[in-house]
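Okay, here's what each chain looks like letter by letter:
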Amino acid sequence: MSNFFDLFIALIVAAVTYGTPLLFGTLGEVLTEKSGSLNLGVEGIMFMGGAVGLGSVFYYEKAAGAGTSGLAAVAIGIVCAFLAGAFASLLFSFLTITLRANQNVTGLALAIFGTGVGQFLGEYMRVSEGGYISISSGLAAFFQSPPFPAFLRRIPVVGNVLFGHSAFFYLGVLTAVGMHWYLNRTRSGLYLRSVGESPATADAAGINVTRYKYLAAVIGGGVSAIGGMVYIMTIAGCVWNHEGLSGEGWLAVALVIFCLWRPLSAIWGSVLFGALMILYLRLALPFVPTQLYKILPYVVTVAVLIVSSMRNNKEKQPPASLGLSYFREDR
């Protein structure tokens, strides 16, 4: 019984680790979709965030040498990854909002473009440095170690579950809570939701539809890109792997549907998806192919989508104008 409990606790901790990049990717896409923009390029955005985030920390440590600060490295990684995702989303916004290009096609093109840019940057750094792009073990531990004192993790039963994760998980939880508060308790957040539900009505009420769509997409893209950086810095061991992020962005898009466009639901949803992602390592059955384990998150998402559609509950549906371009002249 004790061994089973230990395995269960280890599964939860691993699920949180694997779910944290998904949490950032999902929160960014939730914010984007709340404005009515459907950005399917999260995969490419996370690739760019991973490559730029790792590269910025690597070159910072190389320049600072013995004076490297762990807090400064984390801040640099987050800011640079955010800017990379914001830039990619700015391109998406310009094409879909200003030029009114098809959002589905543009998002898929961004996924391919961003993946290519991220892989190019990662391989360019690797070749130019003559080896793997990685940071020192001491600095890597700063990214991966829990921010709480060790005695808290030794608390029976709940110690590792509550205090055994990297600082990025707690930052993601705070981001989710802040986003929930913003969308439901602030005037600006209500304006953003109204833009996603009915841009024509919002425009008639004097709300700047274009500005809200741009800001939501750009900020949302930046948040999603942080998820790519978190993956590289925690799961990938602070070493660039051009195939490591494959599928993370698509899982984040699926998780948006699974959590029904609710930031708070993204917290437990990301942990669940993280558990499903690593289940084949923790609960391997010889007669079940690994590929079946890996499609579980998508199967669960489809099931949730079917159930929510059958209930026809407006609160569990996507924003009414999601994926539709707004033409003010047609108002």
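Nothing here was measured: the structure is a model prediction, and the numbers come from that model.

Engineer: How would you summarise the nonpolar core if you had to cite specific residues and measurements?
Structural biologist: If you look at the biggest cluster of nonpolar residues, it comprises 50 residues, and the most contacted ones within it are Ile135, Phe143, Phe168, Met229 and Met233. At the level of secondary structure, the elements contributing two or more residues to this core comprise α1 (2-34), α2 (42-64), α3 (70-98), α5 (137-144), α8 (167-185), α9 (187-197), α11 (209-235) and α13 (265-282). Counting residues per element, this core draws most heavily on α11, which supplies 11 residues. In this structure, Ile135 is in contact with Leu54, Val57, Phe58, Glu61, Ala140, Phe143, Met233 and Cys238, ignoring residues within four places of it in sequence.

Engineer: So what's going on with the environment of Arg153? Residues and values would help.
Structural biologist: Residue placement: Arg153 occurs in helix α6 (residues 150-153). In sequence terms Arg153 and His165 are 12 residues apart; their C-alpha atoms lie 9.6 Å from each other. Apart from residues no more than four positions distant in its own chain, Arg153 is found in contact with Pro146, Phe148, Gly159, Asn160, Phe163 and Gly164.

Engineer: Outline unusual backbone geometry, listing residues and values.
Structural biologist: Positive phi outside glycine occurs at Cys238, with the angle close to 60 degrees. One can find Cys238 in the loop between α11 and α12 (248-258). Assessed through its relative accessible area of 0%, Cys238 is described here as buried. Phi at Trp261 is positive, roughly 60 degrees, even though this residue is not glycine. If you trace the backbone, Trp261 turns up in the loop between α12 and α13.

Engineer: So what's going on with the pattern of salt bridges? Which residues, and what values?
Structural biologist: Per the stated rule, a full pass over the model turns up 2 salt bridges. When the shortest N-O distance is used, the salt bridge between Lys62 and Glu129 registers 3.0 Å. Residue Lys62 is located in helix α2, and its partner Glu129 is located in helix α4 (residues 103-129); the two are separated by 67 residues in the primary sequence. Its salt-bridge partner being Glu123, residue Arg126 comes within 2.9 Å of it at the nearest N-O pair. Placement of the pair is Arg126 and Glu123 together in helix α4, with a separation of 3 residues, close to one helical turn.

Engineer: Describe the side chain of Ser89, with residues and values.
Structural biologist: Summarising the element assignment, Ser89 is placed in helix α3. Leaving out residues up to four positions away in the same chain, Ser89 has contacts with Asn39, Ile45, Ala217, Val218 and Gly221.

Engineer: Hey, could you go over the packing of aromatic side chains for me, with residue numbers and the actual values?
Structural biologist: Counting across every chain of the model gives 9 aromatic pairs. Pairing Phe58 with Tyr59 gives two aromatic rings, centres 5.1 Å apart and planes at 80 degrees, and the pair type is edge-to-face. For Phe58, a relative accessible area of 11% corresponds to the buried category. Aromatic side chains Phe258 and Trp268 sit 5.5 Å apart centroid to centroid with 65 degrees between the ring planes, which places their arrangement in the edge-to-face category. With Phe258 in helix α12 and Trp268 in helix α13, this pair connects stretches of sequence that are 10 residues apart. On the accessibility criterion, Trp268 (49% relative accessible area) is partly exposed. These aromatic residues form a ring-pair network of at least three members: Phe148, Phe163, Phe169 and Tyr170.

Procedures and definitions
- Residues numbered from 1 in each chain as written.
- Predicted model: local features only at pLDDT ≥ 70, side-chain atom pairs only at ≥ 80, totals over all residues.
- Heavy atoms only, no water.
- Core = buried A, V, L, I, M, F, W, Y, C linked by side-chain atoms within 4.5 Å.
- Buried < 20%, exposed > 50% of the residue type's maximum accessible area, 1.4 Å probe, protein only.
- Helix = DSSP H or I, 4+ residues; strand = E, 2+ residues; numbered from the N terminus.
- Contact = heavy atoms within 4.5 Å.
- Salt bridge = Lys/Arg side-chain N within 4 Å of Asp/Glu carboxyl O.
- Phe/Tyr/Trp six-rings, centres within 6.5 Å; stacked < 30°, edge-to-face > 60°.

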